Amino acid sequence: MSEHDDHDHGHDHDHDHPHNAPLTDVQLRVRALESLLTEKGLVDPAALDALIDTYETKIGPRNGAQVVAKAWTDPAFKQRLLEDATGTLADLGFIGRQGEDMVVLENTEAVHNMVVCTLCSCYPWPVLGLPPIWYKSAPYRSRAVIDPRGVLGDFGVKLPEEVEVRVWDSTAELRYLVLPRRPEGTEGMTEEALAALVTRDAMIGTAVVRVPEAAR
Amino acid sequence: MNGAHDLGGMHGFGPVVAEPDEPVFHAAWERRAFGLTLAMGAWRRWNLDMSRSAREQMPPAEYLATSYYEHWMFGLERLLVEHGFVSPEELARVRRGEPTPSSGPPEVRDGVQDGALRPESVPRMLRNRRAARVDDPVPPKFQVGQAVLTRNLHPQGHTRVPRYVRGRRGVVAIDHGVFLFPDSHAAGEGTQPQHVYSVRFAAQDLWGPDAPARDSVYVDLWDDYLEAAP
């Protein structure tokens, strides 16, 4: 903004309470840009609605959770997924924008994988949807590579020293999905019930999958 | 460029705080900023590397003080002016939050240009593979298992080598095949196709002897970023 912003209210962006607050400068700015581009015939607001709806209601971490549950219950699928993630995910319909070239990283007793994008916010949209704020923010992007065990601590995860932590910095167009470990005590569960246990954070590698006490 | 976006290894930003049951967007304007960015990208006047490069032009103090979709807005506004979709005067009005003088209500859409993204094209647009991976038969310069050094380069333009690996020694772990080169692609200077590798850096080689001995960081790097380690 700087030289262009002659308002005197600075960065008073009330992101958490958008409903009752007066319009802030960024809200007005986005609205003004949309009206300008619409006026010029460069955008169709209905296309914006369709884009937004896709990521609010259709593409999200439940996609990835299905993949994980299937890998836990079908060894041949898991093998294909690890060898050719892009093709195997495409067979399930999970392809496209920000998931063009996929790699699946398997967490084991010996190795824990965790994914970051230190330079921006690269993230596997077709399987996880759009990234959460913490993934895009400075604390995670700065610290995931230099202190991954400390970051895991922020998420309540403490790994034994002998576990090797591998952090994957998504600096190119490869997109990474972590295949978390299947928790003990889930032997009799259906694929659907397993998918319900898998969290977004476990597929980024900042969490492990746990079985809720009630389900034990 | 050595910008504020290159955050890996910095201290002082505090703990990572996850928001329980986080919504996909946190405000109506974030939805529209996201939609505008993708919809204008569909004109294909710029590529993803140009978009990233445009966001990286935000002054460092401003970058760190603003949220993710504000970075997107900054980049989009810049690209719209650079590519002649919006004049500098129009952008100045937008940045003051002023509506377009001749603007009618948003539901008046009979003037949408050919080439603008339409709602019925959205699913196809999102499924299409963009061409970051290319088929050019370029031989790899390095082999899996080979020790490499990340070249100590500090280009003023866009690059995808984080500062924390420059000049550091790693080992090629995976050869992912041939991709466009972002440094030239962002500058509109051609695709310069070359191999991308996941290079494994031992945490102690990056962060010193206090880092856990077994831990490592894998960074995806292009041929031109690397040289053989002596």
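Residues numbered from 1 in each chain as written. Chains lettered and ligands numbered in written order. Predicted model: local features only at pLDDT ≥ 70, side-chain atom pairs only at ≥ 80, totals over all residues. Heavy atoms only, no water.

What to know about the overall build of chain B
Link 1 in the chain: Looking only at helices and strands, chain B features eight helices and five strands.
Link 2 in the chain: In chain B, the order of α-helices and β-strands from amino to carboxyl end is α-α-α-α-α-α-β-β-α-β-α-β-β.
Link 3 in the chain: The dimensions of chain B, computed from C-alpha atoms along their principal axes, are 65 × 45 × 35 Å.
Link 4 in the chain: Put simply, chain B has 230 residues, and 52% of those count as buried.
Link 5 in the chain: In chain B, of all internal contacts separated by at least 6 residues, the share reaching a separation of at least 24 is 65%.
Link 6 in the chain: Accessible surface for chain B amounts to roughly 10,700 Å². Of this, 52% is attributable to carbon and sulfur atoms.
Link 7 in the chain: Taken as two groups, the 26 positive and 30 negative side-chain charges of chain B have centres that lie 3 Å from each other. (Helix = DSSP H or I, 4+ residues; strand = E, 2+ residues; numbered from the N terminus. Buried < 20%, exposed > 50% of the residue type's maximum accessible area, 1.4 Å probe, protein only. Contact = heavy atoms within 4.5 Å. Areas by Shrake-Rupley, 256 points an atom, 1.4 Å probe, with all protein chains shown as cover. Lys, Arg positive; Asp, Glu negative; His and termini not counted. Charge placed at Lys NZ, Arg CZ, Asp CG, Glu CD.)

Describing helix α4 (residues 68-82) of chain B
Residue and element names in this part refer to chain B.
Link 1 in the chain: With 15 residues, α4 ought to run about 21 Å at 1.5 Å a step, and its terminal C-alpha atoms sit 22 Å apart, in line with that.
Link 2 in the chain: Counting buried positions over the 15 residues of α4 gives 12, a clear majority of the element.
Link 3 in the chain: Burial in α4 covers these residues: Tyr68, Tyr69, Glu70, His71, Trp72, Met73, Phe74, Gly75, Leu76, Glu77, Leu79 and Leu80. (Expected span 1.5 Å × (residues − 1).)

Quick word on the layout of surface pockets
Residue and element names in this part refer to chain A.
Link 1 in the chain: Considered as a void within the structure, the second largest pocket measures approximately 550 Å³ in volume.
Link 2 in the chain: Listed by contribution, the elements that provide at least two residues to the lining of the second largest pocket are α2 (45-58), α3 (61-73) and α11 (200-204).
Link 3 in the chain: Ranked by residues supplied to the lining of the second largest pocket, first place goes to α2 with four residues.
Link 4 in the chain: A breakdown of the residues in the lining of the second largest pocket according to their chemical character gives 16 nonpolar, five polar and nine charged. (1 Å grid on protein atoms, 1.4 Å probe; cavity = no way out; pocket = protein on both sides within 12 Å on 5 of 7 lines; lining within 4 Å. Points joined across faces, edges and corners; volume = space filled by probe spheres on them. Nonpolar A, V, L, I, M, F, W, Y, C, P; charged D, E, K, R; others polar.)

Some details on the pairing of strand β4 (residues 174-179) of chain A
All names here are of chain A.
Link 1 in the chain: Of all six residues making up β4, six are buried, and the element is well covered by its neighbours.
Link 2 in the chain: Bridging between strand β1 (residues 101-106) and β4 involves six bridges; their strand directions are parallel. Looking across to β4, one finds that Met102 is bridged to Arg175. (Pairing = 2+ DSSP bridges.)

Concerning the interface of chain A and chain B
How big an interface is tends to be reported as the loss of accessible area on association of its parts.
Link 1 in the chain: On the side of chain B, 96 residues touch chain A, which itself brings 87 residues to the contact.
Link 2 in the chain: With both sides pooled, the region where chain A packs onto chain B buries about 8,600 Å², and carbon together with sulfur makes up 60% of that total.
Link 3 in the chain: At the boundary of chain A and chain B, one finds 10 salt bridges.
Link 4 in the chain: Residue Arg133(B) is joined to Asp101(A) by a salt bridge in which the shortest nitrogen-to-oxygen separation is 2.6 Å.
Link 5 in the chain: Counting across the chain A and chain B interface gives 31 residue pairs in polar contact (both at pLDDT 80 or more).
Link 6 in the chain: For the side of chain A that touches chain B, the secondary-structure elements that each account for two or more residues are α1 (25-39), α2, β1, α7 (133-136), α8 (138-146), α9 (148-154), β3 (164-169) and β4 of chain A.
Link 7 in the chain: Partitioned by chemical class, the residues of the side of chain A that touches chain B number 44 nonpolar, 20 polar and 23 charged. (Buried area = accessible area lost by both parts, 1.4 Å probe. Salt bridge = Lys/Arg side-chain N within 4 Å of Asp/Glu carboxyl O. Polar contact = N/O pair within 3.5 Å; in protein donor to acceptor, adjacent residues only side chain to side chain.)

Observations concerning the packing of α1(A) against α4(B)
Link 1 in the chain: Running from amino to carboxyl end, α1(A) crosses α4(B) at an angle of 35°, the nearest separation of the two axes being 12 Å. Like other packed secondary-structure pairs, α1(A) and α4(B) cross with a definite hand, here left-handed. When α1(A) is examined against α4(B), the residues Val26(A), Arg29(A), Val30(A), Leu33(A) and Leu37(A) are found in contact with a partner set consisting of Glu70(B), Met73(B), Phe74(B), Leu76(B), Glu77(B) and Leu80(B).
Link 2 in the chain: Across the contact of α1(A) with α4(B), the residue classes break down as eight nonpolar, no polar and three charged. (Axes fitted to C-alpha atoms, helices over the stretch in contact; angles between N-to-C directions. Left-handed = near helix turned anticlockwise from the far one by under 90°.)

Overview of the pairing of strand β3 (residues 194-202) of chain B
Residues and elements named next belong to chain B.
Link 1 in the chain: The element β3 is largely enclosed, with a buried count of eight among its nine residues.
Link 2 in the chain: Sheet analysis places strand β2 (residues 169-179) next to β3, joined by six bridges and oriented antiparallel. Paired with Val171 across the bridge in β3 is Arg200.
Link 3 in the chain: The pairing of β3 with strand β4 (residues 216-222) spans seven bridges and is classified as antiparallel. Counted as the bridge partner of Val196 is Trp222 from β4.

Brief notes about the pattern of salt bridges
Link 1 in the chain: All told, the structure shown has 23 salt bridges over all chains when counted by the stated rule.
Link 2 in the chain: The partner of Glu56(A) in a salt bridge is Arg31(B), with the nearest N and O atoms 2.9 Å apart. One end of the pair, Glu56(A), is in helix α2; the other, Arg31(B), is in helix α1 (residues 28-41), on a second chain.
Link 3 in the chain: Beyond isolated ion pairs, a larger network of salt bridges with shared partners links Glu173(A), Arg175(A), Asp49(B) and Arg52(B).

So, the environment of Ala92(B)
Residues and elements named next belong to chain B.
Link 1 in the chain: Relative to the assigned elements, Ala92 resides in helix α5 (residues 88-95).
Link 2 in the chain: Judged by its relative accessible area of 19%, Ala92 falls in the buried class.
Link 3 in the chain: Through-space distance from the C-alpha of Ala92 to that of Leu38 is 22 Å; in sequence the pair is 54 residues apart.

Quick notes on the sheet that holds β3(A)
Link 1 in the chain: Across the sheet, which stays open at both edges, the seven strands sit in the order β2(A)-β3(A)-β4(B)-β3(B)-β2(B)-β1(B)-β5(B) with mixed pairing between neighbours. Single-partner strands in this sheet number two, and they are β2 (111-116) of chain A together with β5 (226-228) of chain B. Neighbour-to-neighbour, the strand axes of the sheet open up by a mean angle of 35°, direction not taken into account.

It is worth stressing that arrangement in space is one thing and function is another; only the former is reported here.
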